[in-house]
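# Structural features, examined
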Amino acid sequence: MTARVGWPDVAKGVCIILVVLWHVVTKHAIEVEGAGPITDAWATLNAQLLPLRMPLFFLISGMFAGSAVNAPTGISWRRRAGRLAAVYVIWVVIQTFVLAWTPDFDTARAENGWQLLAQLTISPTNLWYLLALAVYLLIARAVRHAPTAVVLPAALVIAAIAAAGVIPDLGNLWQLVQNLLFFLAGLRLRLIIERFAAASGNLRALMLGGAYVAAVGAVGVLGMRQWPGVWSLLSIVAVAFGVAACALLDRHAGVIARPLRWIGQRTLPIYVVHMIPLALIDGALRGVGWVATPAVEVVWPIVLTAVVIAICLAVHAGLVRVGLGVLFDPLRPIDRLSRARTAD
C-alpha cells in the first residue's frame, strides 16, 4: 500500500487555521472596545493572506477529486457533490437559527425566507466553500473531455473577471467564481504539483516567499487589486509558495507538521461549526463589557483561534457520539442502506 503523502494535509491544516483566524480578527477582534494599532496590524496581516488561504484549499481539493470526476458511471461525483450541497444547506439553516441570538455579531444571516433562499443559492454565506466544491464538481465533470490547454486558460479568464469586481456583490459569489481556477488546476495538474512539492527545497520556498511578499506589497501600494489578471497571478505565486512551504514542513519539521496534518484531516467540522462558537463567545464578552489591552491584542487572536477550533472538534465528537454524525455526512444512512442491500 502506498503511504499517504503528508503535505496536502499540512496545507489543509494551515488553511483551516487561517480561515478561523481571519474570522476571529475581522468579525470579533476589530470590534472589541480598546482595539487599536495591534489589532489593525492583525487585520492587515490576514488581508495579505487572502491570495493564499482559499486558493490553496481548493487546489488540494481538486487534487483529490479525480476519482470522482472521472468515474465511468458519474455516480461518484454526484454523490460527493450532493453530500457537500446537503452539508451546506444543513449548516446554513443551523447558523441562521443560532446567530439570531447574536444580533451584534458581524456576519451575514438570513432574517426571512427569501434571504435564506438567496443564501442557499446565489448569495453564499461564510460556508460558501462547500457550495463551491459542489458546483466545481459539476463543472469539472462537464468539461472532463476538454483539453487542459483549453480548460485552465478559460478558468484563468473567468477568475480575472471575478477578481476585477465585475460580478454583483452577492455574498461570496465572486469568490466562488474566482477560485474555480485552482480547483481545476489541482484536478488537471496533480502529478505536476506533486513533483513540484517533492522537488521543493529551502531555496525554492524562500524565493517564492520573497516573490509573494514583494507581489503583495506592489499590489497594495499601486492599487492593482482589481486590475485584470493581477489577483489571479498573485494567487498563483501564493499557492506555489504554500505548496513548497508545506512540503518542506512535512519533510523536515515533524513537530509542527504532525498537528497540522491531524487538523488537516478534520477540516469539515471546523469549517462548518466555527462561526457559531465565535459568535457566542463574542456575544458573551460584549455582555461583560470586555476591554482589550495592547498585551491582550497581541495574543488574543491566536488564543481564540485555538479555543474555537478545539470547541468545533469537541462539538463534532459529541454530535457523532449521540448519533448526529449525519449533520456532517447526510448521505451516510443512504450509503449504509445501499451496502446492506448489496450484502443481501
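The structure displayed is predicted, hence computed values, not measured ones.

In this section: the overall build of the chain. What the chain contains, in helices and strands, is 18 helices and zero strands. Over its C-alpha trace the chain gives a radius of gyration of 20 Å, about what one expects of a compact globule, namely 20 Å for 344 residues. With respect to the principal axes defined by its C-alpha atoms, the chain has extents near 60 × 55 × 45 Å. The 344 residues of the chain split such that 46% are buried. For the chain, contacts bridging at least 24 residues in sequence account for 83% of all contacts bridging at least 6. With the model as given, the accessible surface of the chain reaches about 16,600 Å², and the carbon-plus-sulfur share is 69%. Separation of charge centres in the chain, based on 26 positive and 15 negative side chains, amounts to 16 Å.

So, on to a nonpolar patch on the surface. A surface patch of nonpolar side chains, about 390 Å² in accessible area, is lined by V298, V299, V303, V307, I311 and V315. By secondary structure assignment, the location of I311 is in helix 17 (residues 294-321).

Closest axis-to-axis distance for the helix 5 (residues 75-99)/helix 6 (residues 113-120) pair is 10 Å, and the angle between their directions is 145°. Once helix 5 is placed against helix 6, the crossing between them reads as right-handed. Contacts from Y88, V89, V92 and T96 of helix 5 reach helix 6 at L116, Q119 and L120.

Here the focus is the side chain of T39. In this structure, T39 sits in helix 2 (residues 37-48). Beyond its immediate sequence surroundings of up to four residues, T39 is in contact with V25, A29, I30 and E297.

On to helix 2, then. Between the first and last C-alpha of helix 2 there are 16 Å, a value that for 12 residues agrees with the 16 Å anticipated at 1.5 Å per step. T39, W42 and N46 are the residues of helix 2 that are buried. Along the long axis of helix 2, the arc covered by the buried residues comes to 50°, so they all point the same way. The inward-facing, buried residues of helix 2 contact helix 1 (7-27), helix 3 (50-63) and helix 17.

A pair can form between side chains of opposite charge whenever their charged atoms are brought close. Going through the model one piece at a time under the given rule, you end up with four salt bridges. In this structure, the salt-bridge partner of R261 is D250, at a minimum N-O distance of 2.5 Å. Remark: D250 occurs in helix 13 (residues 230-252) and R261 occurs in helix 14 (residues 254-264); sequence separation between them is 11 residues. Under the relative-accessibility criterion, R261 is labelled partly exposed at 21%. The partly exposed category is assigned to D250, whose relative accessible area is 21%. The salt bridge involving R286 is made with D282; its shortest N-O contact spans 2.6 Å. Of this pair, R286 and D282 are both found in helix 16 (residues 275-287), four residues apart, which corresponds to roughly one turn of the helix.

So, how was this worked out
- Residues numbered from 1 in each chain as written.
- Predicted model: local features only at pLDDT ≥ 70, side-chain atom pairs only at ≥ 80, totals over all residues.
- Heavy atoms only, no water.
- Helix = DSSP H or I, 4+ residues; strand = E, 2+ residues; numbered from the N terminus.
- Rg over C-alpha atoms; globule rule 2.2 N^0.38 Å.
- Buried < 20%, exposed > 50% of the residue type's maximum accessible area, 1.4 Å probe, protein only.
- Contact = heavy atoms within 4.5 Å.
- Areas by Shrake-Rupley, 256 points an atom, 1.4 Å probe, with all protein chains shown as cover.
- Lys, Arg positive; Asp, Glu negative; His and termini not counted.
- Charge placed at Lys NZ, Arg CZ, Asp CG, Glu CD.
- Patch = residues over 30% accessible without salt bridge, like charges linked within 9 Å, V, L, I, M, F, W, Y side chains within 5 Å.
- Salt bridge = Lys/Arg side-chain N within 4 Å of Asp/Glu carboxyl O.
- Axes fitted to C-alpha atoms, helices over the stretch in contact; angles between N-to-C directions.
- Left-handed = near helix turned anticlockwise from the far one by under 90°.
- Expected span 1.5 Å × (residues − 1).
- Arc of directions from axis to C-beta.

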